[in-house]
Amino acid sequence: MTASTCPCGSGKTFAACCAPLHEGIAAATAEALMRSRYSAYVLGNEPYLLATWHADTRPASLDLAIQSPKPTWLGLDVKRHTVTGTDSAVVEFVARLRHGGGRAERLHETSRFVRENGQWFYVDGDIA
Ligand SMILES: [Zn+2]
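Residues numbered from 1 in each chain as written. Predicted model: local features only at pLDDT ≥ 70, side-chain atom pairs only at ≥ 80, totals over all residues. Heavy atoms only, no water.

*Asks:* Describe the nonpolar core, naming the residues involved and giving the relevant values.
*Replies:* Within the largest apolar cluster, 28 residues are counted, with the highest numbers of intra-cluster contacts made by Cys 8, Met 34, Tyr 38, Leu 76 and Phe 113. Where this core is concerned, the elements lending two or more residues are α1 (19–22), α2 (30–43), α3 (46–51), β1 (71–85), β2 (88–99) and β4 (119–127). Every residue in contact with Phe 113, bar those within four places of it in the chain, is listed here: Ala 30, Leu 33, Met 34, Asp 87, Ser 88, Ala 89, Val 91, Trp 120, Phe 121, Tyr 122 and Val 123. (Core = buried A, V, L, I, M, F, W, Y, C linked by side-chain atoms within 4.5 Å. Buried < 20%, exposed > 50% of the residue type's maximum accessible area, 1.4 Å probe, protein only. Helix = DSSP H or I, 4+ residues; strand = E, 2+ residues; numbered from the N terminus. Contact = heavy atoms within 4.5 Å.)

Here it is as structure tokens:
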């Protein structure tokens, strides 16, 4: 896994990109956190997704392990990263995925992030 390209599409290796965040290193920016969350969806890392979800909006569970059909994540394209305050930012992205044998779908979302105690959290998002 360490030598492979990061699922988030940064072009870096997983070890040099999202892996340290999954291991508990704080994301430097909301975009880095968003990318690491996409990688976590690809890898089925539900504990990381819940840990980086703001407590006010976090679901109890994502049930990734029992999701059926499981989505196949095809790629991520970060469109925009805008810092909106000292500890807030929005990231607009398009993720491509497929459910089972279905056709590829686009998930176009503008997500809100906040930083608390030096740690970025996903709050919520608007689907375009
Ligand atoms: Zn990455």
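*Asks:* I'd love a proper account of the environment of Leu 97, names of residues and values included.
*Replies:* Here Leu 97 lies in strand β2. Between the alpha carbons of Leu 97 and Leu 74 there is a distance of 5.0 Å; along the sequence they are 23 residues apart. Those residues in contact with Leu 97 that lie beyond four places of it in its chain are Pro 71, Thr 72, Trp 73, Leu 74, Arg 103, Ala 104, Glu 105 and Leu 107.

*Asks:* Tell me about the side chain of His 54, and please be specific about residues and values.
*Replies:* Tracing the chain through its elements places His 54 in the loop between α3 and β1. Take His 54: its relative accessible area is 9%, and that puts it in the buried class.

*Asks:* Provide a residue-level description of the coordination of the zinc ion, including the pertinent values.
*Replies:* Under perfect tetrahedral coordination by four donors, a metal shows angles of 109.5 degrees; under perfect octahedral coordination by six donors, it shows angles of 90 or 180 degrees. Donor atoms from the polypeptide that bind the zinc ion are Cys 6 (SG), Cys 8 (SG), Cys 17 (SG) and Cys 18 (SG), placed at 2.3 Å. Each of the 4 donor atoms around the zinc ion contributes to a set of angles spanning 103 to 114°, which defines the coordination as tetrahedral. All donors of the zinc ion belong to a single chain; written as a sequence motif, their spacing is C-x1-C-x8-C-C. Of this pair, Cys 6 sits in the segment before α1 while Cys 18 sits in the segment before α1, placing them 12 residues apart in sequence. (Donors = N, O, S within 2.8 Å, 3.2 Å for Na, K, Ca; no water. Tetrahedral: all angles 85-135°; square planar, octahedral: opposite > 155°, others 65-115°.)

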